[in-house]
Amino acid sequence: MDKHYLTPLFAPQSIVVFAGQADDPATQTPQAKALHEALAAQRYSGRLAFVDIHNTTGTLADLAQTGFDLAIIALPTQDLSAALEIAGRMACRSALIIASGIAADRAAELKKIARRENIYLLGPNGLGLQRPQLQLNASAAGPLARAGSLALVSQSGALTSSVLDWASTNGVGFSSVVSLGPNTGVDIAQVLDFLANDPQTHSIVVYLEGISNARRFMSALRSAANAKPVVVLKAGRKPAGNEAAQTHSGAIVGSDDVFDAALRRAGAVRVRSFVALFSAAKCLASRYRPVGKRLAIVTNGGGPGVLAADWVNEIFLQLGKLSPESVIALRPLLPTQASLADLIDLSEEATPEHYRIAIEAAGKDRQIDGVLAIYSPKAGADATGVAHALADVKRAIGKPLLACWMGDATVLPARAILNETAIPSFRTPEAAVGAFGNIATFYQNQLLLQQTPPPLSTLAKPDIDGARLIIEGVLAERRQVLTEMESKTLLSAFHIPVTKTILARTANEAMMIATQLGFPVALKIESPDISHKSDVEGVVLNILNATGVRDAYYDMVQNVARLQPDARINGVTVQNMARARRGREVCVGLVTDEPFGPVISFGAGGTMIELINDRAMELPPLNQFLARRLIERSRVAETLGEWRGASAVNMEALEQVLLRVSEMVCELPQLREMDINPIIVDETGAVAVDARIVIAHAPQAGNGRANNYSHLAILPYPARFEQVWPLRGGGEYTVRPIHPDDAQMLQQLMQHLSPESRYFRFISSIVELPPSMLARFTLIDYDREMALVAVFRERKAGPNGGFIETERIVGVSRYITNPDQSSCEFALVVADDFSGKGLGSRLMLSIMDVAREKGLAEIEGLVLAKNPGMLKLMRGLGYSVKPFAEDPDFKLVTHTL
């Protein structure tokens, strides 16, 4: 049960092929011919059989007795269903269909057959897959790629073939190549899930054209990017703007911007061109891990070095500079003309030895995260010697080393040396800097990936029930657009500061209200049919007396009736002018994307928001770290500090507004669009001056159960499962869902387990969890798995005679949903010194409650037959204990939920 469910597809030990008669090309489709050539070009290490579906006399019965992991089908369209059914009768566990031009309805029929036969189906409409380390080329994409640690997943057959052709001459090898077409059974999320757990894969390159399920895609992508670098090239970028939008935010936020935000939050890196994808592939194939943004440039020519430095600034990296100590140590070893001020310019007299010592110095310097070596051809210079120097020094530095050998004919042998030693080599400084930028971006996005906010912040609890009543009232009137009064009431329910606003239905009412509020005031038209009040002269600001209020009321009503005669006018709102003398105007918005759901935007506010087009986006839920990063990505962020004589704004107040909006998005699935524009923020705080909200009926949860968060692409931290329980023998402990910050405590639990406890849990003698496993155990997708930790607080003597309180994880229970989506597999471990205190029972009962709420029907697990304590616990909890057919050393324990 430890193997991934797609192992039979991607690591088959036995294959049966349906591709016409092997010795008769006339019976083969073009894909079948390519498949036969691909399979014959190398010796597959497993069992391989060929079947002609039109001549199966005496064959199927024999083959069905042994069964097969994978069936490869490359036949005419009319024979595909029959072949898939035969594969089912032969007990095949997975199938690959290599056929093009299969319509959606025909593909749906094939997927239905696969589900009935319990087969995982990859295809149709793709070119197949390659697994070079298994000598398996089950594709029509050309020769088998060389083996390596890079995985390629592509939704374009043409691009798959192009990347493989490029890789063959650039020294790039692959662990897996997977070509996915439209209407495939096994989708890109499932492939990413397998690659995240594949030990042969150290990094992943994805070419993406579309996704069908945002939650599953984000879940798999976050899991993969948490374990290894992932770079994505997406085609079909849509222009910003939505003509049907009813808010400013809806009008200026395009789906491509949302995709950017989703990839960032998933911890992946996006590239925007085919060339950049190749550049990223070179770096990933060299197995460089995420680093910071400081790139040192070592060059023998000032011009190319300056071009590289310019591009460093252009893409918001930092030029890595040697520390004063490094400069003092390095200068005597370089030519007299060398310059170490910014660039490490070795001058035209640079030799291979000069490059070597300069790169070594940069590699040891803590102020530098990566090194780019640029070489320009010079008369009498040794291009290959410098390449050999880089190859030698690469082994000694633990930082990314990239190369740019400019020119062409005279540097070809040097580039070959760099390719052979897996040093990413580029023809231009800009391409090399951009490739390093991808590595640095991955590091930055990993910080976003680690954030797992709850749906509600630690701020004062909002009036969620009151907010829902407002929304239900509007929907009952068959309206979708809230009035300004309704919108501000909704904001107030979540403690977002708003200007005091009162509706006046006559000019006399407006005068009395304004006098009571105090001047100056602002008047705004109140109509459910008007999105942008200023466009119809529906806003008058800074009115200083009652007469001005009366005149403004009459003029406004007349102007609106003239400019938009069909608009329903409820009256005019009166509100105090915001008194921030040097306040900045910002806008916080919400848009709903297909397929990623609600997205929060932030940028400059005011009436010229579309023209300024300043927007930064983030997927909810937010915490303070994510809110601060969202603000920093906007252009208006530059004005929020001390600016032109104005004091810095209260950043904490602005962050709290974003956290409150995040709470609204999580708890109110009816929200579709929202503008809070402008929000005026200064050193004293932030206040919403105007707001407009669009709603609709909430989407139904996919499992038919009540689930407030099914509308989100990223499930919030499930804080509702946190409980405090008494400890047998005295004291108490907390059971709560795990989060990434628990990594160190989880490692400490592992290190202090007895050898027997470690073996019972992991069937291994490992003393500590490797980083990849630790990351996978602590950053989980709460939608498809759950891990509950028992946390015990203990007081220890402090260094100065006092006491300090520390936390310790003393037990973990977890489940992972099985591919059937109706059952799950559990695991349990308890610290040895807490054994016998009731933790195991409580952790199992709690994890069963979570699985039950999720809608799962059964929980199961494997327990070593030599683990009597665990078997006794399972029987005590009502589990059935049976022999495990695949291994007599284990017992299969199951419980209906």
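Structural data are supplied above this passage.
These numbers come from a predicted model, not from an experiment. (Residues numbered from 1 in each chain as written. Predicted model: local features only at pLDDT ≥ 70, side-chain atom pairs only at ≥ 80, totals over all residues. Heavy atoms only, no water.)

1. Brief notes about the overall build of the protein
Reasoning step 1: In terms of regular secondary structure, the protein is built from 29 helices and 36 strands.
Reasoning step 2: Relative to its 897 residues, the protein shows a buried fraction of 56%.
Reasoning step 3: Taking the intrachain contacts of the protein between residues at least 6 apart in sequence as the baseline, contacts between residues at least 24 apart amount to 71%.
Reasoning step 4: Averaging the locations of the 87 positively and 92 negatively charged side chains of the protein gives two centres separated by 3 Å. (Helix = DSSP H or I, 4+ residues; strand = E, 2+ residues; numbered from the N terminus. Buried < 20%, exposed > 50% of the residue type's maximum accessible area, 1.4 Å probe, protein only. Contact = heavy atoms within 4.5 Å. Lys, Arg positive; Asp, Glu negative; His and termini not counted. Charge placed at Lys NZ, Arg CZ, Asp CG, Glu CD.)

2. Observations concerning the sheet that holds strand 4 (residues 94-97)
Reasoning step 1: Strand order in this open sheet of five strands is 2-1-3-4-5, and the pairing throughout is parallel. In the strand order of this sheet, the two ends are held by strand 2 (47-50) and strand 5 (120-122), each with one partner. Across the sheet, the mean angle separating the axes of adjacent strands is 20° when strand polarity is ignored.
Reasoning step 2: In this structure, strand 4 lies alongside strand 5, joined through three bridges in parallel fashion. Directly across from Ala95, in strand 5, lies its bridge partner Leu121. (Pairing = 2+ DSSP bridges. Axes fitted to C-alpha atoms, helices over the stretch in contact; angles between N-to-C directions.)

3. Observations regarding the environment of Ala389
Reasoning step 1: Its place among the elements puts Ala389 in helix 15 (residues 383-394).
Reasoning step 2: Each C-alpha atom of the pair Ala389 and Leu727 lies 63 Å from the other, and the pair is 338 residues apart in sequence.

4. Comments concerning the side chain of Arg584
Reasoning step 1: Tracing the backbone through its elements, the reader meets Arg584 in strand 23 (residues 584-593).
Reasoning step 2: The side chain of Arg584 sits in the buried core without any salt bridge; Glu683 is the nearest counter-charge, 5.4 Å away.
Reasoning step 3: At 2.7 Å, the side chain of Arg584 and the backbone oxygen of Gly641 are in polar contact.
Reasoning step 4: For Arg584, the contacting residues outside a window of four places in its chain are Thr639, Leu640, Gly641, Trp643, Ala646, Ser647, Ala648, Val649, Ile679, Ile680 and Val681. (Salt bridge = Lys/Arg side-chain N within 4 Å of Asp/Glu carboxyl O. Polar contact = N/O pair within 3.5 Å; in protein donor to acceptor, adjacent residues only side chain to side chain.)

5. Points about the sheet that holds strand 22 (residues 571-576)
Hydrogen bonding along the main chain pairs the strands of a sheet, whether they run parallel or antiparallel.
Reasoning step 1: Strand order in the open sheet formed by four strands is 19-22-20-21, with antiparallel pairing between adjacent strands. Edge positions in the sheet fall to strand 19 (501-504) and strand 21 (539-543), since each of these pairs with one other strand and no more. In this sheet, adjacent strand axes meet at a mean angle of 25° when their direction is disregarded.
Reasoning step 2: This element, helix 19 (residues 484-493), spans strand 19, strand 20 (521-526) and strand 22 of the sheet and lies at about 155° to strand 19.

6. What to know about the nonpolar core
Across soluble globular proteins, nonpolar side chains show a tendency to be buried alongside one another.
Reasoning step 1: Counting 102 residues, the largest nonpolar core has Leu490, Phe602, Leu658, Val661, Met664, Leu671 and Tyr879 as its most contacted members.
Reasoning step 2: It is helix 24 (residues 651-667) that provides the largest number of residues to this core, a total of nine residues.
Reasoning step 3: When neighbours within four sequence positions are excluded, Met664 is seen to be in contact with Leu490, Leu491, Phe494, Ile496, Leu671, Met674 and Ile693.
Reasoning step 4: Membership of the second largest hydrophobic core comes to 60 residues, among which are Val17, Ala196, Ala266 and Val599. (Core = buried A, V, L, I, M, F, W, Y, C linked by side-chain atoms within 4.5 Å.)

7. A look at the packing of aromatic side chains
Reasoning step 1: Within the structure shown, the criterion is met by ten aromatic pairs.
Reasoning step 2: Judged by centre distance (6.2 Å) and plane angle (90°), the ring pair of Tyr553 and Tyr554 falls under edge-to-face.
Reasoning step 3: Residue Tyr553 is classed as buried on the basis of its relative accessible area of 7%.
Reasoning step 4: Judged by its relative accessible area of 45%, Tyr554 falls in the partly exposed class.
Reasoning step 5: Taking 5.2 Å as the distance between ring centres and 65° as the angle between the ring planes, the aromatic pair formed by Phe792 and Phe834 counts as edge-to-face. Taken together, the residues Phe792 in strand 31 (residues 785-797) and Phe834 in the loop between strand 33 (823-830) and helix 28 (839-854) connect sequence positions 42 residues apart. (Phe/Tyr/Trp six-rings, centres within 6.5 Å; stacked < 30°, edge-to-face > 60°.)

8. A word on the pairing of strand 31
Reasoning step 1: Note: strand 30 (residues 732-737) against strand 31, four bridges, orientation antiparallel. Of the residues in strand 31, the one forming a bridge with Arg736 is Val789.
Reasoning step 2: Sheet topology note: the strand 31/strand 32 (residues 803-817) ladder contains 13 bridges and is antiparallel. When the bridges of strand 32 are listed, Arg795 appears paired with Glu805.

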